[in-house]
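# Structural overview
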Amino acid sequence: MHAPALGHGPPGQDLQVVFDASDMTFASPLDLVGTAAWAARLHHDGAAVEFTLPGDDDVRRYLVRMDLVAQLSQAGAAVRGQVPSIRRADRADVLLEVRRICGAPDVEIFCDAAYDLARQHTSDRSAAAGAKMLGELLDNAVTHAGSPVGVYAAAQVHQRSGNLELAVADAGIGVRAHLARNPDFRNLTAAQALRAALQPGVTGTSEKRGNGLPDLLSTACGFGGQLLLRSDDGYAQVTADSPGRQFSAAAQVPGTWAWVHVRLPRSHHA
Amino acid sequence: MASFDITGPLASTRERGLQYRQQLEQLLAAVPADEAVVISFDAVKAMTGSFTDEFLGKLLVARAVGLTGRAPILLTGLTDETAEEVDLCLERRKTVAVWTENGTARLLGGDGTLKQTFAAGAQRGAFRATDLAADLGTTQQNMNNRLKRLHEAGALIRDRQDPASGGREFLYRTPTPLAPGKSNH
């Protein structure tokens, strides 16, 4: 999907933003939650937001099934293109649709649902670990992001491989601005802020905390997985299989996007 | 015994941890210092570090410095994973808690020395510092310091004894659940 095209309408009209997904041939949960958060924030800030559905029928149906279209509409975006009518077969065993999370009670409910999802494919222990990682990401987002439109989350299990994907996106202040509240972490680039946030004890608060992300990373790597973070123009990717961590500058996104991908061991009943 | 149940299957947020901490502080204020408060995690499959820190980490630190009621706190119903989460949290907060299950007691948090000391004491039942110092091959002074830390954190109960030979002595024991009493229900 192309980054949203920004344009101005006639004088006196709001900024117009178009998310053009017409060429999209694949979408991951991260694409969905990132798009939802971005569109919602733009609309909140006064833009007229439009989303063009993919030309690819499978991708279009996936976006509808994962409730991205519904979330965009609720967020005030106009959806262009034919919205397919799909039979909503019960796929609660592999899909946890895009949901807007507005506070701690929503986090608890969504994490319970993620646990139930993962539990159908793996052991109690592994499912709990997966839901715990999601809990850390979501609690971070609702606590620190300061997003006026909430946080968006989704999850998916790939039935054949047993891989679990977790995705969380907010359109808040970003990691750099959060850490800058702590005098020890002012004047960082976005990439440097992501690198710092993955170290134990690093926090933008005045409290003795800041272990959530490092612990999450440790859990993800324990499952042979990877963590991807984007915040402002910062990008961080940490993979269990690779010897190092990658931190770089990338295309700007509002707020913070997080994606976890892990290999869940199969349980005997999966 | 006062009981406090954590609902599950997951405990994910700091906000929920804070709510539980505030409720437990109220319970501790109402419970006598010689009656244990048992926190049950039977329904919990996983806890985030954030929840655990906001709930238990901060509570036990506050208790150790006298900001809450002094009733001993016992943890039950932990799995290996949730016990590991509590252990890590309390280690970082430099405090401890007693995990009791099926009649056995283990120390969570603290360092290896404190864990060893607690385990040796739990095996003895009731003991004096001199007894344990001999068991573990350390000085009485060292043992007094360890036991003081464990007592202040609520991991040990101590009763003062005045021996006939004079001076002051303490008889230590691990806290155990007593008769059913108050709860958060």
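### A short note on the overall build of chain B
Counting its regular elements, chain B contains 6 helices and 10 strands. Taking 2.2 N^0.38 as the reference for a compact globule, 185 residues should give roughly 16 Å; the C-alpha atoms of chain B span a radius of gyration of 16 Å, in line with that estimate. Referenced to the eigenvectors of the C-alpha coordinate spread, the extents of chain B come out at roughly 55 × 30 × 30 Å. By residue count, 44% of the 185 residues in chain B fall in the buried class. For chain B, restricting intrachain contacts to residue pairs at least 6 apart in sequence, the fraction spanning at least 24 positions comes to 69%.

### Thoughts on the sheet that holds strand 6 (residues 96–101) of chain B
Residue and element names in this part refer to chain B. The 5 strands lie next to each other as 1-3-5-6-7, forming an open sheet whose pairing is mixed. Both outer strands of the open sheet, strand 1 (2–5) and strand 7 (104–109), are each paired with one neighbouring strand and no more. The average angle at which neighbouring strand axes cross in this sheet is 30°, direction not considered. Here strand 1 runs beside strand 3 (residues 37–40); their pairing, made up of 4 bridges, is parallel.

### Digging into helix 8 (residues 212–222) of chain A
Three or more residues of helix 8 of chain A are buried, namely G212(A), L213(A), L216(A), L217(A) and A220(A). Buried residues of helix 8 of chain A, seen end-on, are gathered within an arc of 130° and therefore sit on one face of the element. In helix 8 of chain A, the exposed positions that point more than 90 degrees away from the buried face belong to S218(A) and G222(A). In this structure, the buried residues of helix 8 of chain A make contact with helix 5 (124–144), helix 7 (190–197), strand 8 (226–239) and strand 9 (245–263) of chain A together with helix 2 (49–64) of chain B.

### Describing the nonpolar core
Residues V33(A), A36(A), A39(A), L138(A), V168(A) and A97(B) are the most contacted members of the largest nonpolar core, which totals 138 residues. Looking at which element gives the most residues to this core, the answer is helix 5 of chain A, with 10 residues. In terms of domain composition, this core takes at least three residues from each of domain 1 (1–82) and domain 2 (92–270) of chain A. In contact with V168(A), not counting residues within four places along its chain, are V33(A), L137(A), L138(A), A141(A), V151(A), A153(A) and A258(A).

### A look at the packing of helix 4 (residues 112–124) of chain B against helix 6 (residues 140–152) of chain B
All names here are of chain B. For the pair helix 4 and helix 6, interaxial distance at closest approach is 10 Å and the crossing angle is 85°. Considering the angle they form, helix 4 stands roughly perpendicular to helix 6. On helix 6, the residues that touch T113, L114, T117 and F118 of helix 4 are R146, R149 and L150.

The rules behind the values
Residues numbered from 1 in each chain as written. Chains lettered and ligands numbered in written order. Predicted model: local features only at pLDDT ≥ 70, side-chain atom pairs only at ≥ 80, totals over all residues. Helix = DSSP H or I, 4+ residues; strand = E, 2+ residues; numbered from the N terminus. Rg over C-alpha atoms; globule rule 2.2 N^0.38 Å. Buried ≥ 20, exposed ≤ 12 C-beta atoms within 10 Å, placed from the backbone. Contact = placed C-beta atoms within 7 Å. Pairing = 2+ DSSP bridges. Axes fitted to C-alpha atoms, helices over the stretch in contact; angles between N-to-C directions. Arc of directions from axis to C-beta. Core = buried A, V, L, I, M, F, W, Y, C linked by C-beta atoms within 7 Å. Domains from an automatic or database assignment. Parallel < 35°, antiparallel > 145°, perpendicular 65-115°, else oblique.

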